[in-house]
Amino acid sequence: DIQMTQSPSSLSASVGDRVTITCRASQNIGTYLNWYQQRPGTAPKLLISAASSLQSGVPSRFSGIGSGSGTDFTLTIRSLQPEDFATYYCQQSYSTPITFGQGTRLEIK
Amino acid sequence: QVQLVESGGGVVQPGRSLKLSCAVSGFTFGTYAMHWVRQAPGKGLEWVAVISFDGSQRSYADSVRGRVSISRDNFKNTLYLQMNSLRPEDTAMYYCSKGNYYGSTSYSDWWGQGTLVTVSS
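Structure report, in brief. Model, not experiment: these values are computed from the prediction. (Residues numbered from 1 in each chain as written. Chains lettered and ligands numbered in written order. Predicted model: local features only at pLDDT ≥ 70, side-chain atom pairs only at ≥ 80, totals over all residues. Heavy atoms only, no water.)

### Some words on the state of the cysteines
The condition that has to hold: Any two cysteine sulfur atoms lying within 2.5 Å of each other are counted as a disulfide. Strands here mean DSSP runs of E at least two residues long; helices mean DSSP runs of H or I at least four residues long; both are numbered from the N terminus. Each residue's exposure class comes from its accessible area (1.4 Å probe, protein chains only) as a fraction of the maximum for that residue type: buried when under 20%, exposed when over 50%, partly exposed otherwise.
With the rule as written, the count across this model stands at two disulfides over all chains. In this model C23(A) forms its disulfide with C90(A); the gap between the sulfur atoms is 2.1 Å. Taking the torsion about the sulfur-sulfur bond, which here is approximately 70°, the covalent link between C23(A) and C90(A) counts as right-handed. Of this pair, C23(A) sits in strand β3 (residues 19-25) while C90(A) sits in strand β9 (residues 87-92); the two residues are 67 residues apart in sequence, bridging distant segments of the chain. The pair formed by C23(A) and C90(A) is uniform in burial state, with each residue classed as buried. Sulfur-sulfur distance for the disulfide between C22(B) and C96(B) comes to 1.9 Å.

Laid out in structure tokens, this is it:
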């Protein structure tokens, strides 16, 4: 199975800050990497697919990129807004079993 | 618009069975893979199972394989998850989600609001 490791596990930031969350796969997954946002008490929401493709309706302050190695990926949120404080998960869809990272909780400082 | 509505959750004793359903609308159900993903209280997301558009391919997480069966009825636009020999560690919110294409290696682009399963004596 492909293991997905996110860092950090939690992060404190202020409105207006820029934050970066990283995700590492245990093997090459190409760009089969997706990012989800989950606000408390709600279902996850797809933000980015294929490492860098922003979903329709997702603000442009969110961006994703892969390092080219097929194992290292980054989610960046520029100019944090109050609604961005949530938990973020990466997911590989390269092969089954599909696996998620453990999540990164983004909290207000 | 795309809608996924889960049902069938509840409190069940260890060792018993439960069948979850997910009724969908707003897209052509029979052309997309479908997933079940669960989340234990206070924990992260755990992928459970996927079924291809026509039901010919099914894949399961190691944690549920042999106890859980995913199925679909493309005439009723409904996805199912049959869970047997339930354990306390199966306690979670269960989400159904739509795959982005017909195959099992798809990501989830739409999600339901979940149905809560509690396994307790």
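### Concerning the side chain of T115(B)
So the rule is basically this: Polar contacts here mean pairs of N or O atoms no more than 3.5 Å apart (in protein, one a potential hydrogen donor and the other a potential acceptor; neighbouring residues in sequence count only if both atoms are side-chain atoms).
Within the secondary structure, T115(B) sits in strand β11 (residues 115-119). Reaching out from T115(B), the side chain makes a polar contact with the backbone nitrogen of G9(B) at a distance of 3.0 Å.

### Some remarks on the interface of chain B and chain A
Where we set the bar: Note on definitions: a residue-residue contact is assigned when non-hydrogen atoms from the two residues lie within 4.5 Å. Buried surface area refers to the total accessible area, computed with a probe of radius 1.4 Å, that the two partners give up upon joining, counted for both partners together. What counts as a salt bridge is simple: a side-chain nitrogen of Lys or Arg found within 4 Å of a carboxyl oxygen of Asp or Glu. In this count, Pro and Cys sit with the nonpolar residues alongside Ala, Val, Leu, Ile, Met, Phe, Trp and Tyr, while Asp, Glu, Lys and Arg are called charged and the others, Gly among them, polar.
If you look at the interface, chain B gives 22 residues, while chain A gives 19 residues. Interface area, chain B with chain A, both sides summed: about 1500 Å², of which 61% is carbon and sulfur. Three residues stand out in chain B for area buried against chain A, namely L45(B), W47(B) and Y107(B), and they jointly supply 39% of the buried area on that side. Joining chain B to chain A, the criterion identifies zero salt bridges. The interface formed by chain B and chain A holds six residue pairs in polar contact (both at pLDDT 80 or more) in total. Going through the elements one at a time, β4 (34-39), β5 (45-51), β6 (58-60) and β10 (108-111) of chain B are the ones with two or more residues in the side of chain B that touches chain A. The biggest single contributor to the side of chain B that touches chain A is β5(B), with four residues. Tallied by class, the residues present in the side of chain B that touches chain A amount to eight nonpolar, 10 polar and four charged.

### Considering the sheet that holds strand β7 (residues 62-66) of chain A
Residue and element names in this part refer to chain A. What counts is decided by this rule: For two strands to pair, DSSP has to find at least two bridges joining them. Structural elements are reduced to axes, namely lines fitted to C-alpha atoms, with helices fitted over the stretch in contact, and the angle between N-to-C directions of any two is expressed from 0 to 180 degrees.
If you walk across this open sheet you meet the four strands as β1-β3-β8-β7, and the pairing is antiparallel. Looking at strand neighbours, the two that pair on one side only are β1 (4-7) and β7, the edges of this open sheet. For this sheet, the mean angle separating the axes of adjacent strands, direction not counted, is 20°. In terms of strand pairing, β7 meets strand β8 (residues 72-77) through five bridges, oriented antiparallel. Within the sheet, the bridge partner assigned to G66 lies in β8 and is F73.

### Some details on the sheet that holds strand β1 (residues 3-7) of chain B
All names here are of chain B. Across the sheet, which stays open at both edges, the four strands sit in the order β1-β3-β8-β7 with antiparallel pairing between neighbours. One side of each edge strand has no neighbouring strand; the edge strands of this open sheet are β1 and β7 (68-73). Geometrically, the sheet is characterised by an average inter-axis angle of 15° between neighbouring strands, direction not taken into account. Across six bridges, the pairing between β7 and strand β8 (residues 78-83) is antiparallel.

### Considerations on the layout of surface pockets
Operational definition: Definitions used throughout: a 1 Å grid over protein atoms alone; a cavity as a set of points that fits a 1.4 Å probe which cannot get out; a pocket as an open set with protein on both sides within 12 Å along at least five of seven lines; a lining residue as one with an atom within 4 Å of a point. Grid points are joined across faces, edges and corners, and a volume is the space filled by probe spheres set on the points.
In this structure, the largest pocket spans a volume of roughly 570 Å³. No other element matches the three residues that strand β11 (residues 104-108) of chain A contributes to the lining of the largest pocket. Among the elements of the structure, β5 (45-49) of chain A together with β1 and β10 of chain B are those that each provide at least two residues to the lining of the second largest pocket.

### Focus on the pairing of strand β4 (residues 33-38) of chain A
Regular strands place their side chains on alternate faces of the sheet. Residue and element names in this part refer to chain A. In terms of burial, β4 is a largely internal element, six of the six residues being buried. Both faces of β4 are covered, namely the face carrying L33, W35 and Q37 and the face carrying N34, Y36 and Q38. Two elements, β4 and β9, share six bridges in a ladder whose sense is antiparallel. Within β9, the position partnered with Q37 by the bridge is Y88. Bridge count for β4 against β5 is three bridges, and the pairing is antiparallel. Across the sheet, the residue bridging to Y36 is L46, located in β5. Connecting β4 to the next strand, β5, in antiparallel fashion are six residues, including G41 with a positive phi near 75°.

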